[in-house]
There are 2 protein chains.
Amino acid sequence: MSPIRLAIVGLGKIARDQHIPAIARTEGIALAAIASRNAALEGVAHFATLDELLASGEAIDAVALCTPPQVRRAQAQAALEAGKHVLLEKPPGATVSELGPLIAAAQAAGRTLFATWHSRFAPAVEPVRALLAGRTLRSVTIEWKEDVRVWHPGQEWIFEPGGLGVFDPAINALSILTRILPRPVFVTSARLAFPANRDAPIAAELDLADAQGLPIRAELDFLQTGPQTWDIRVDTDEGLLTLSSGGAKLFHEGATLVDEKEAEYAGIYRHFVDLIRRGASDVDLAPLALVADAFLLGRRTQVESFEY
Amino acid sequence: MSPIRLAIVGLGKIARDQHIPAIARTEGIALAAIASRNAALEGVAHFATLDELLASGEAIDAVALCTPPQVRRAQAQAALEAGKHVLLEKPPGATVSELGPLIAAAQAAGRTLFATWHSRFAPAVEPVRALLAGRTLRSVTIEWKEDVRVWHPGQEWIFEPGGLGVFDPAINALSILTRILPRPVFVTSARLAFPANRDAPIAAELDLADAQGLPIRAELDFLQTGPQTWDIRVDTDEGLLTLSSGGAKLFHEGATLVDEKEAEYAGIYRHFVDLIRRGASDVDLAPLALVADAFLLGRRTQVESFEY
């Protein structure tokens, strides 16, 4: 079977750090082109925009959209209409409602649409999901605290409308939460801290629950200096399970159950190849819907201006 | 067939103005009880809360939840678990994500869940839907401008988190829009004006589109004095269609196509009786998802404080 010829659209930090190495390690898929206004890759066909790539007749089968979420919908639609499979970086778009027409477009075109949630491919996620399926849960606490200046240096789009602010990282926690819990969850209250000069929150506190009243608390901060925290703790009838380091590690009380090097994007590309071969799509909107609900329901406070 | 015995939960303005007269006019359903902390109705069994009603053993088959959206989810869950059919006033909840578990609960209980959108039952809605199905659409303009002090006097919950602010009326326009257009729509940008002392917007401007790029513009205002405006104008290849007075009237250029007295809640209760008899549910989250997206994507401005 000849490999899937993939174009990356948007050659920024996430494409260079994660996508390109993962594609190189994945059987069945190969990087064939780049569409990026400001950057190119030695030895790979280059186009300034996706439209130019699609108009060129360059032989590609699929595109990975690594552009900011505000522009992905139009790109995904154009790619699907041109008969390409589409992989969406997280979050899959700037709104929940724009995804419905894309799902329909993928079905109409007979192509794969994959809305990725990279944290779901962290090594401890499936193990903790299996453990939680057999336990009584008492409470869940999410702490997702990182330094935006370290992880998103100069990325102004994150604080633009649709950029999600602190929810850009925190949606990773919500993507894990919605994968590992046995029942769907919903937001019951939210407090959002908006910098005076920005259109997206820089910190937030959420309360969530499931239909059985499981209390879930999330503390999110984008200004954490010193140690960075990406932890989900689940208190169960058989002790405390702590998913740490963004899902790379799992502890049960004092004992280490999982501690592996992360390989999230390799998992993403293996799944994308599998989806294409099976003629399937994978679009779960639950994490983005929770963020939209947090904005809808959230009590807003204004905090001091933020500059990178 | 004996009539469905219905309890109204939350005997406020909408219950008195609309639900009670509509129930009286609808065959197959009868008002059997009221659960309301502050109000009662002569000659109808009364309980302070839904929980007391459910615990009492009073013979009811269904509940209509006319309480504010922030408390409806827990009430709907309790009623479904007690084997009652549930009618939800609009909006169906305070968040999109809380509806998924309710849909599942209704299925598990074999009961009807009906998320009402009363404006969809306005007399000109189905006629304009039929007309638009056969035309090429050029643009849509929504103007939804009313005086909150007249229509929601003293209703503080509207400006609480989850109360939607100006989207409490404007979601009616979105419920019509999503019914009459041939394709699903999504929000592409939003500007939200929050009073300095409130947690929900008092005015907003939205841009929406469908997958074919149809431009849709919505202007929403909660401080409109003088003439009140609830209009949706659709420019088509065969002229301008104007849906006016919240859906009661339809004009094509100068000509009147529909001008009828509204009977929205009679339509709601006929549909509820029909759903129960067929063992079906009707829950369309599209209007609420569009509002959540507007909050998610919206650029916020602060405007002067609002007091009733």
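Residues numbered from 1 in each chain as written. Chains lettered and ligands numbered in written order. Predicted model: local features only at pLDDT ≥ 70, side-chain atom pairs only at ≥ 80, totals over all residues. Heavy atoms only, no water.

Let's talk about the sheet that holds strand E11 (residues 229–236) of chain B
Strands pair in a sheet through their backbones, by hydrogen bonds, and they do so in one of two ways: parallel or antiparallel. Residue and element names in this part refer to chain B. Strand order across the open sheet formed by nine strands is E14-E13-E12-E11-E7-E10-E9-E8-E15, with mixed pairing between neighbours. One side of each edge strand has no neighbouring strand; the edge strands of this open sheet are strand E14 (255–259) and strand E15 (299–303). Between one strand and the next, the sheet's axes are offset by a mean angle of 15°, whatever the strand orientation. Of the strand pairs in this sheet, E11 and strand E12 (residues 239–244) are connected by five bridges, and their pairing is antiparallel. The residue of E12 that forms the bridge with Thr 236 is Gly 239. Against the sheet, helix H9 (residues 286–297) makes contact with strand E8 (185–195), strand E9 (203–210) and E15, and its axis sits at roughly 65° relative to E8, the strand it touches most. (Pairing = 2+ DSSP bridges. Helix = DSSP H or I, 4+ residues; strand = E, 2+ residues; numbered from the N terminus. Axes fitted to C-alpha atoms, helices over the stretch in contact; angles between N-to-C directions. Contact = heavy atoms within 4.5 Å.)

Considering the interface of chain A and chain B
With 30 residues of chain A at the interface, the matching set in chain B holds 30 residues. Both faces considered, chain A and chain B share a buried interface measuring about 2,700 Å² in area, 60% of it formed by carbon and sulfur atoms. Broken down residue by residue, the surface that chain A buries against chain B is led by Phe 186, Leu 296 and Arg 300 of chain A, which jointly contribute 24%. At the junction of chain A with chain B, the criterion picks out four salt bridges. Between Glu 160 of chain B and Arg 299 of chain A there is a salt bridge whose closest N-O contact spans 3.4 Å. (Buried area = accessible area lost by both parts, 1.4 Å probe. Salt bridge = Lys/Arg side-chain N within 4 Å of Asp/Glu carboxyl O.)

A word on the sheet that holds strand E10 (residues 216–221) of chain A
Residue and element names in this part refer to chain A. The mixed open sheet is built from nine strands, whose spatial order is E14-E13-E12-E11-E7-E10-E9-E8-E15. Here the strands that pair on one side only, and so sit at the sheet edges, are strand E14 (255–259) and strand E15 (299–303). The mean inter-strand angle of the sheet, taken between neighbouring strand axes irrespective of direction, is 15°. The pairing of strand E8 (residues 185–195) with strand E9 (residues 203–210) spans eight bridges and is antiparallel.

Quick word on the pairing of strand E12 (residues 239–244) of chain A
The side chains of a regular strand alternate between the sheet's two faces. Residue and element names in this part refer to chain A. Counting buried residues in E12 gives five out of six residues, a clear majority hidden from the surface. Pairing analysis gives four bridges linking E12 to strand E13 (residues 249–252), with the strands arranged antiparallel. Note that in E13 the partner of Ser 244 across the bridge is Lys 249. Hairpin connection from E12 to E13: four residues lie between these consecutive antiparallel strands, with Ser 245 at a positive phi of about 55°. (Buried < 20%, exposed > 50% of the residue type's maximum accessible area, 1.4 Å probe, protein only.)

As for the UniProt feature "domain: Gfo/Idh/MocA-like oxidoreductase N-terminal" (unreviewed entry) in chain A
Under the feature "domain: Gfo/Idh/MocA-like oxidoreductase N-terminal" (unreviewed entry), the UniProt entry names residues 4–114 of chain A. Here residues 4–114 of chain A runs as 37% helix and 23% strand, with 15 Å between its end C-alpha atoms. (UniProt positions renumbered as here; feature names shortened; annotations may be inferred.)

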